[in-house]
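Survey of secondary and tertiary structure
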Amino acid sequence: MTEDIPANPARRALRLHREMDRVWSDLPGWRGSLASVNHSTIGLRFMATSFMFFAIGGVLAMLIRAQLATRNGVFLDTALYNQIFTMHGSIMMFLFAIPMLEGLGMWLLPKILGARDMAFPRLGALGYWCYLFGGTIILASLLLGVAPDAGWFMYVPLSGKTHTPGVSADIWLLGVTFVEISAVAAAVEIIVTILRMRRAGMGLTRMPLMGWYMLGTAAMMLVGFPPLILGSILLELERAAGWPFFDVLRGGDPLLWQHLFWLFGHPEVYIIFLPAAGVLSTIIPVFARVPILGYGAIVAAVLGLVFLSFGLWVHHMFTVGIPHMALAFFSAASALVAVPTSVQVFAWIGTMWAGRVELRLPMLHVIGFFLTFVIGGLTGVMLAMVPFNWQAHDTAFVTAHLHYVLVGGFVFPMMAGITYWMPMISGRFRIRALGEAAFWLILLGFHGTFFLMHLTGLLGMPRRIDRYPGNPEWEWLNLVSSIGGMVMAAGFAMFVMDIGMQWLFGRRSHRNPWRAETLDWAMALPAPPYNFASLPGPRHPDSGAILPLARGEGLLPGAPRQRREVLVRDAGTGRPDHVAVVPGNTVLPIWTAAALGSFFLLMLAGLYWLTPLAISAILWAGWQWGGFMGSPRDAAPIPVAPGLSLPEHWQVRQSLAYSGTVTLLVADGTLYASLLFGVGFLTVIAPNWPAPESGQGLGALLAAGGALLSIAAATLAARLAETQRDRPTGATAALTGVLAGGLALALLGVLAWQVDDPRRHARDALRGVLLGHAVFHGVVALMLGLRCLSDARQGRISGLRQGAAPVWQLFQTFWLATAALSLGIVALQEIG
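Described in the following lines is the structure provided in the data block. Keep in mind it's a predicted model, so treat the numbers as computed, not measured.

1. What to know about the overall build of the protein
A tally of regular secondary structure across the protein gives 24 helices and four strands. Relative to the globule expectation of 28 Å for 832 residues, the C-alpha radius of gyration of the protein, 27 Å, shows essentially globular dimensions. For the protein, the spread of C-alpha atoms along the three principal axes comes to 85 × 75 × 50 Å. Classification of the 832 residues of the protein by burial places 60% in the buried group. Considering only residue pairs separated by 6 or more positions, the protein has 81% of its internal contacts joining residues 24 or more positions apart. In the form shown here, the protein has an accessible surface area of approximately 31400 Å², with 70% of it arising from carbon and sulfur atoms.

2. Looking at the pairing of strand β3 (residues 638-641)
Both β3 and strand β4 (residues 644-646) contribute to a ladder of three bridges, which runs antiparallel. Across the sheet, Pro639 pairs through a bridge with Ser645, a residue of β4. With antiparallel pairing between neighbouring strands as the criterion, β3 and β4 make up a hairpin whose turn holds two residues, including Gly643 at a positive phi of roughly 85°.

3. Digging into helix α18 (residues 588-604)
Taking 1.5 Å per residue as the helical rise, α18 with its 17 residues ought to reach 24 Å, and the 24 Å between its terminal C-alpha atoms agrees with that figure. Of all the positions in α18, only Leu588, Pro589, Ile590, Thr592, Ala593, Ala595, Leu596, Gly597, Phe600, Leu602 and Met603 are classed as buried. Of the surrounding secondary structure, the elements contacted by the buried residues of α18 are α2 (29-35), α5 (121-143), α6 (168-196) and α19 (611-626). Within two residues after α18, Gly606 carries a phi angle of roughly 75°, on the positive side.

4. Section: the pairing of strand β2 (residues 576-582)
For a regular strand, side chains alternate in direction, first toward one face of the sheet and then toward the other. Of all the seven residues making up β2, seven are buried; the element is thus mostly covered by neighbouring parts of the structure. Where strand β1 (residues 564-569) meets β2, six bridges bridge the pair, whose relative direction is antiparallel. By the bridge assignment, Arg564 is partnered in β2 with Val582. From the end of β1 to the start of β2, which pair antiparallel, there are six residues, and Gly574 there has a positive phi angle of about 85°.

5. Section: the packing of aromatic side chains
The tally for this structure, following the rule as stated, stands at 44 aromatic pairs. Each ring, one from Phe287 and one from Tyr420, has its centre 6.1 Å from the other, and the planes form 70°; the classification is edge-to-face. One end of the pair, Phe287, is in helix α8 (residues 254-288); the other, Tyr420, is in helix α14 (residues 396-426), with 133 residues separating them in the sequence. In this pair, the class of Phe287 matches that of Tyr420, namely buried. The residue whose ring lies beneath Arg787 is Trp623, and the NZ or CZ to ring-centre distance is 4.0 Å.

6. Quick look at a nonpolar patch on the surface
Residues Leu143, Leu144, Val146 and Val167 make up a contiguous nonpolar surface patch of about 400 Å² in total accessible area. Tracing the sequence through the fold places Val146 in the loop between α5 and α6. Looking at Val146, the relative accessible area reads 31%, which means it is partly exposed.

7. So, the packing of α8 against helix α20 (residues 656-684)
Look at α8 against α20: their axes get within 11 Å of each other, and the N-to-C directions meet at 150°. Between α8 and α20, the angle is such that the two are roughly antiparallel. Between α8 and α20 lies a crossing of right-handed hand. On α20, the residues touching Leu255, Leu256, His259 and Leu260 of α8 are Ser674, Phe677, Gly678, Phe681 and Leu682. Looking at the contact of α8 with α20, its residues break down into six nonpolar, three polar and no charged.

8. Describing the pattern of salt bridges
If you walk through the whole model with that rule in mind, you get 27 salt bridges. Of the charged contacts, one joins Arg563 and Glu648 as a salt bridge, the two residues approaching to 3.2 Å between their closest N and O atoms. Highlighted residues: Arg563 in the loop between α17 (546-550) and β1 and Glu648 in the loop between β4 and α20, separated in sequence by 85 residues. For the residue pair Arg563 and Glu648, the accessibility class agrees, reading buried in each case. Connected through salt bridges with shared partners, the residues Arg289, Glu358, Arg360 and Arg515 form a single ionic network.

Rules of the game
Here the residue numbering is sequential within each chain, running from 1 through the sequence in written order. Selection of residues for local features in this predicted model requires a pLDDT of at least 70, selection of side-chain atom pairs for listing and counting requires 80 or more, and totals for whole chains, interfaces and linings are taken over all residues. Hydrogen atoms and water are omitted, and side-chain values are computed over all heavy atoms in the structure. Elements are defined by DSSP. Helices are runs of H or I of four residues or more, strands are runs of E of two residues or more, and each kind is numbered from the N terminus. Values of the radius of gyration come from C-alpha atoms, whereas the globule rule sets the reference at 2.2 Å times the count of residues to the power 0.38. Per-residue accessibility, obtained with a 1.4 Å probe over protein chains only, is compared with the maximum for each type, and a residue is labelled buried under 20%, exposed over 50%, and partly exposed between these values. By definition in these notes, contact holds between two residues if any of their heavy atoms fall within 4.5 Å. Reported accessibility uses the Shrake-Rupley method at a 1.4 Å probe radius. Residues are deemed covered only where the shown protein chains occlude them. Between any two strands, pairing holds if DSSP finds at least two bridges. The span you would expect from a helix comes to 1.5 Å times its residue count less one. Note on aromatic pairs: the rings of Phe, Tyr and Trp (six-membered ring only in Trp) are paired at centre separations within 6.5 Å, and the planes decide the class, stacked below 30 degrees, edge-to-face beyond 60, tilted for the rest. Only lysine NZ and arginine CZ atoms are considered, and such an atom sits over a ring when it is within 6 Å of the ring centre and within 35 degrees of the ring normal. Two joining distances apply to patches: 9 Å for like charges and 5 Å for nonpolar side chains (Val, Leu, Ile, Met, Phe, Trp, Tyr), and every residue must have over 30% relative accessible area and no salt bridge. Counted as salt bridges are all cases of a side-chain nitrogen of Lys or Arg within 4 Å of a carboxyl oxygen of Asp or Glu. Note on definitions: angles span 0 to 180 degrees between N-to-C directions of axes, and those axes are lines fitted to C-alpha atoms, for helices only across the stretch in contact. Under this scheme an angle from 65 to 115 degrees is roughly perpendicular, one under 35 degrees roughly parallel, and one over 145 degrees roughly antiparallel; angles in between are oblique. Here a crossing is taken to be left-handed if its near helix is turned anticlockwise relative to the far helix by less than a right angle, and right-handed if that turn runs clockwise. Basically, the charged four are Asp, Glu, Lys and Arg, the nonpolar ten are Ala, Val, Leu, Ile, Met, Phe, Trp, Tyr, Cys and Pro, and anything else, Gly included, counts as polar.

This is the structure in structure tokens:
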């Protein structure tokens, strides 16, 4: 259906590129740095910032190794040691690995899929600023001596108010939650970009494997992060307000934290691994000079990993006393995950075997991956066996396994990817020899550090201890590990130097220096901010189209309307659907991130009475975001190719905003499902149940019922506001919906005054959270309703233009469904 799109006539390439540069480039100076929303700029910032945090985490690791080099180490005291190993783990997991893959996805995906930008440029910029602000808050705590010290997993009751009374645990909970906003935002952006912004003619079965890997990664982030966000909110509520979710005496259970944490924590390993595997699947065929072996099998393996990774979280809890049947199930599932992983490894080996491998620097790092990750996978299978797990649990063996998987499965592939795409980033060749020396230092140093830790663990050395005076047999192993760590650190320093030298002093690179076939090399070097002067279509499937695309023979050439225009396709059929106008340079994302940050900082400082100011700032920023989505006029279709003209995005219902809302609601629904899991878990498992008798009476019932009816009325009004938008009744329906939503919020406020004290028992605390969930979604729905009403009064909607009504209707339906379910659960508890 898309194969017959004709080519545009050729134009003068230089004039075309100057036109694109004027529209797509960042503003000059410091204002341009703050206002940029371009995916290349944001992606590179993510990667550069994550490398900065990686360096800091690496320095902390060296401090740990210096302390453990001798059995009576006096380099650090115990309190500082606890802070350092907690910060090392937290930085590497939350401030390096995840942002690194977000940055790679944002920078690379539009290029390799044949698009000009990501689906939501402002969302990407907001994610970066949230990441930077949140990471800075966490890092500042170390400098101020109040860093978290309960481990990167923050187990309760160790992280509870009794054992950790200061602000250190609050910094972790609030800081990480702030950072996670960027992860969820990136997941939404990546999914919508892959499904709706691939080049015309690129079906899912033709998509570069990197697209499949990033799609799987984003899906896991969308479902994996909400349980941790919920757990962080519950623990912070317990610490700040005394709501007992994990306090055994009042109906809570510390195991709930472990479940919520590992529901995120184990998929996290695969969230990190999948993009790295995508890099390998991209690079290996290029240097083997043959197509990848087993494309379909690899895609199936990716989907299998996504599915299986969510069934493994309990293998982190084999020693907490779960039933034998559950032990057997999760042990088998943990071993089974080796199958799809092996399929990929054999496909990569087979590809190299079938071709003639050029052992260039990126391939050296690929070899480093094989030598490291396979060992990590094998020890993972060992730990999946319950009897062995009981023996090795919480020993240095687990530390060694973790680092073999993460460094082998993420760091080596990422270094391969950076050296591979650096000519596209810098436009320059690298300087020979330095990179090779860095690789060998890192490889030898890594195995010198962590291979011996398997032995140290088998000899019984626990994790996270700072001294071992009674165990001299561990000392030489630790000393060698520490020396290996220093060698590895020198290798990473040399790697950074190699990148810097290439950027500053490398000679100019010619186009497509690796002779790759993917679309990311169908552009000038360094990559321009718009990627393609005209977009690739069915006639331009690979890097060989570089000159026709530069001459404007592709789709939607240039920027004749002086706007940033991108081509959106239908996710199902794949045909070009409409032209979306994406926002240009703006400081709104940084103001929004600052408003969110002020809320977290006020919470951290205990200034709860000032948080309404921060919430008001957040609502103001949120309102500004909607201003871009409307248009005061109906526009003629935009010519994309001869005989093909498409409408603008505000004239279609299935816009990028609509797709993004659907995707976001998946994450929202996962968070709500995690909350219901918490209700069920505490009700069935936790001691000190049943809860005390409820004091809620007829007044609470009437308020809850009235709120539910008002939400239903607002949902119906939202539907009418969309279907009758070209008539005066549409504006009346929007006003009715806003009033009904406001009434629902008022009744929920009345209900809040009548519920039992949430500090009394976990059941009451959970009811408080369910109520808070309903209020939060009510506020968002009310904002969307007001936006719709404003659009109607300003003439920004018509029979052709949709405005915010479709998104409002979606959100109202979600609010109604979750509110009804929450009320039903409370009713069942009352009856039971």
